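Remarks on the overall topology
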Amino acid sequence: MNQDVSIRCCGLVLAAGKGTRMHSNIPKVLHKILGEPILWYVYNGLKNLFDDKDIYFVLGHGAEIIEKEFSFVKENIIYQKEQLGTGHALQCAYETLVKRGYEYVLIVNGDVPLTNVHKVQTFLKNSFSEKKILSFMTIVLDNPTGYGRVVRDHSNKVKKIVEQKDISNETIASIKEVNAGIYVINLPKIKNYLFRLQNNNNQKEYYLPDLVQLLIKDGHEVFAFNVGKGSEFLGINTPRDLIFYDDLFQREIVNYFIDKGVVIYNSNVVRIGPKVKIDPGVQICGPVEIYGESVIKKGVCISSHVFIKDSLIEQGAVVLNFSHVEGGKIGPNSKVGPYARLRPETILEQDVKVGNFVEVKKSYLAKGVKASHLSYLGDSEIGEDTNIGAGTITCNYDGKNKHKTIIGKQVFVGSNTALVAPVKIGDGALIGAGSTITKDVPENALAVARERQKNLKKRM
Ligand code: UD1
Ligand code: CA
């Protein structure tokens, strides 16, 4: 952990809820902002504050799907089988955290992206020095609807938090200071209160924020850390909230790259994920989407309507309009598109050309290979300077299994050739247009596998 080592503190993400207000079968925390799940932003934020081994998750609804998407520390997943509220979620985690020797826990709602880690860290430090049993972060919102309102007494001391659904009067409804859903709690000292939570509210849930009232009634003070207008701590409950963040981060990331020296035309419709790396001098013309672990090197040009995910685009490469590139590499000075599709595990070395309506899947294209028009190349290896004619198809699937097509160097594959895999074409071979190749072709051979043309007398 990056802060005071004498304090044993862990992070706990509450992510078991269904997210009913998203109207979707996907667990809420897996909804994406610029290609990454909401939960990634929470996890990534916490990683700045804690070691992986000290970050815990409460999962419930859709747990199996969430676990698959993340490489969580397995032993750090706590299951909340029935989602009986945020207080119940903490009850489920309690024993595990105490057993592992933590004194404090930083609890965050799984639907609040933690991009402003600096503020969370300040909150954490202040909470430690305040030494209260419970500290929580508050924000001030022009429109507090949906949030737990922070009710204070005449001397400005916090009295309780009232959830939206339990608000019974206008005065409380008009309070603009709300609970951000980020708490620091002293584990040994909260025990008595945590297991005394009641669910006699309009949602019949055990609310974590009700701990505030329980503590105060018992003569304890709580620490409310107000970070002011904290729109970066808004929770994501509805599609509208999701799109609010998506728009916000879209602009922030695009501006970041423009300031670094990337030329981005039509930048309002360029979507770049938070993990993407782009060198200064790259030119992009929107609309374009670039997601995942993509890396775009110096001198690359990306035209409009291009989609790139988890791919490396090397120096000087060009990706022309309407191309779709996923999980591969485009080598230096190569040219892809317009209308090309590179599927996962495709590697193009330098000076390769993949033209319009060419689909390449799990294939290696060596330096100088050209497949300029209308082809499907799947499970193949193609040697240097080979030319693939228009309409070439690698028939890689026999209905049961996938097979490889291996094509040597400086081969010329004539147009409209079907290469029935498994098959090998030797270096320097020439394949006649319209052939269906089912047997290996030796080096430098001319292979023709089609009916010879007959010109017959036309019947009158
Ligand atoms: C919660 C707070 C509210 C605060 C707001 C800030 C409660 C009762 N209310 O409201 O005071 O202003 O966040 O964004 O906590 N979850 C579980 N198990 C459950 C229920 C929820 O793990 O049984 C998780 C959800 O997956 C979610 C988080 O807890 O990530 C918050 O739950 P949510 O239902 O979104 O609470 P809010 O109504 O937004
Ligand atoms: Ca919420």
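Residues numbered from 1 in each chain as written. Chains lettered and ligands numbered in written order. Predicted model: local features only at pLDDT ≥ 70, side-chain atom pairs only at ≥ 80, totals over all residues. Heavy atoms only, no water.

1. Regarding the pattern of salt bridges
Cut-off, in case you're wondering: A pair is scored as a salt bridge if a Lys or Arg side-chain nitrogen falls within 4 Å of a carboxyl oxygen belonging to Asp or Glu. Numbering goes from the N terminus for both helices and strands, where a helix is a DSSP run of H or I of at least four residues and a strand is a run of E of at least two. Working definition: with a 1.4 Å probe on protein chains only, accessible area under 20% of the residue-type maximum means buried, over 50% means exposed, and in between means partly exposed.
A complete count under the given rule lists 17 salt bridges for this structure. One salt bridge connects D111 with K28, and the closest N-O pair in it is separated by 2.9 Å. With D111 in the loop between β6 (104–109) and α4 (117–130) and K28 in the loop between β1 (9–15) and β2 (32–33), this residue pair connects regions lying 83 residues apart in the sequence. Take K28: its relative accessible area is 10%, and that puts it in the buried class. R271 is the partner of D246 in a salt bridge, and the nearest nitrogen-oxygen pair spans 2.5 Å. On the criterion of sequence distance, the pair formed by D246 in helix α8 (residues 239–260) and R271 in strand β13 (residues 270–272) is long-range, its members being 25 residues apart. Overlapping salt bridges, with partners in common, bring together E36, K275 and E293 in one network.

2. Side note on the state of the cysteines
Just so we agree on the cut-off: The disulfide definition used here is simple: a pair of cysteine sulfur atoms within 2.5 Å.
Enumeration over the complete set of coordinates arrives at 0 disulfides. With no disulfide of its own, C301 lies 10 Å from the sulfur of C285, the closest cysteine sulfur.

3. Quick word on helix α7 (residues 210–217)
Convention followed: Note on definitions: a residue-residue contact is assigned when non-hydrogen atoms from the two residues lie within 4.5 Å.
When we look at burial in α7, the residues that qualify are D210, L211, V212, L214 and L215. In the core, the buried residues of α7 are packed alongside α3 (86–99), β7 (134–140), β9 (158–162), β10 (177–186) and α6 (187–194). Following α7 by one or two positions, G219 adopts a phi angle in the positive range, close to 90°.

4. As for helix α1 (residues 38–47)
Across the 10 residues of α1, 8 count as buried, placing the element largely inside the fold. For α1, the full list of buried residues reads I38, L39, W40, Y41, V42, Y43, G45 and L46.

5. Structural notes on the pairing of strand β27 (residues 353–361)
Our working definition: Strand pairing requires that DSSP identify at least two bridges connecting the strands.
Where strand β24 (residues 335–336) lies against β27, 2 bridges are found, and the strand directions are parallel. Residue pairing for β27: K335 is matched across the bridge by K353. Note: strand β25 (residues 341–342) against β27, 2 bridges, orientation parallel. Its bridge partner lying in β27, L342 is registered against V360. Bridging between β27 and strand β29 (residues 370–378) involves 7 bridges; their strand directions are parallel. Note on β29: the bridge partner recorded for K361 is G378.

6. So, the coordination of the calcium ion (ligand 2)
We apply this condition: Think of the donor list as every N, O and S atom within 2.8 Å of the metal, or within 3.2 Å for Na, K and Ca; water never makes the list, so a site can look incomplete.
Coordination of the calcium ion (ligand 2) by the protein involves D111 (OD) and N237 (OD1), with metal-donor separations of 2.2 to 2.3 Å. Taken as a pair, D111 in the loop between β6 and α4 and N237 in the loop between β11 (223–226) and α8 lie far apart in primary sequence, 126 residues in all. On the basis of relative accessibility, which here comes to 11%, the residue D111 falls in the buried class.

7. Things to note about the packing of α3 against α6
Rules: Here the axes come from fitting lines to C-alpha atoms, over the contacting stretch only for helices, and the angles between their N-to-C directions go from 0 to 180 degrees. Between 65 and 115 degrees an angle is taken as roughly perpendicular, under 35 as roughly parallel, over 145 as roughly antiparallel, and anywhere else as oblique. In a left-handed crossing the near helix is turned counterclockwise from the far helix by less than a right angle, and in a right-handed crossing that turn is clockwise. Charged means Asp, Glu, Lys or Arg here, nonpolar means Ala, Val, Leu, Ile, Met, Phe, Trp, Tyr, Cys or Pro, and polar covers whatever is left, Gly included.
As a packed pair, α3 and α6 sit with axes 11 Å apart at the nearest point and diverge in direction by 140°. For the element pair α3 / α6, the angle class is oblique. Here the hand of the crossing between α3 and α6 comes out left-handed. Here α3 contributes G87, L90, Q91, Y94, E95, L97 and V98 to the contact with α6, which in turn contributes L187, P188, I190, K191 and L194. Within the contact of α3 with α6, the residues separate by chemical class into 8 nonpolar, 2 polar and 2 charged.

8. A closer look at unusual backbone geometry
Residues G286 and P287 are joined by a peptide bond in cis, for which omega reads 0°. Mapped onto the secondary structure, P287 falls in the loop between β15 (283–285) and β16 (288–291). Between A421 and P422 the backbone carries a cis peptide bond, its omega angle lying at 5°. Mapped onto the elements, P422 comes out in the loop between β35 (418–420) and β36 (423–425). One non-glycine residue with positive phi stands out, namely N266, at about 55°.

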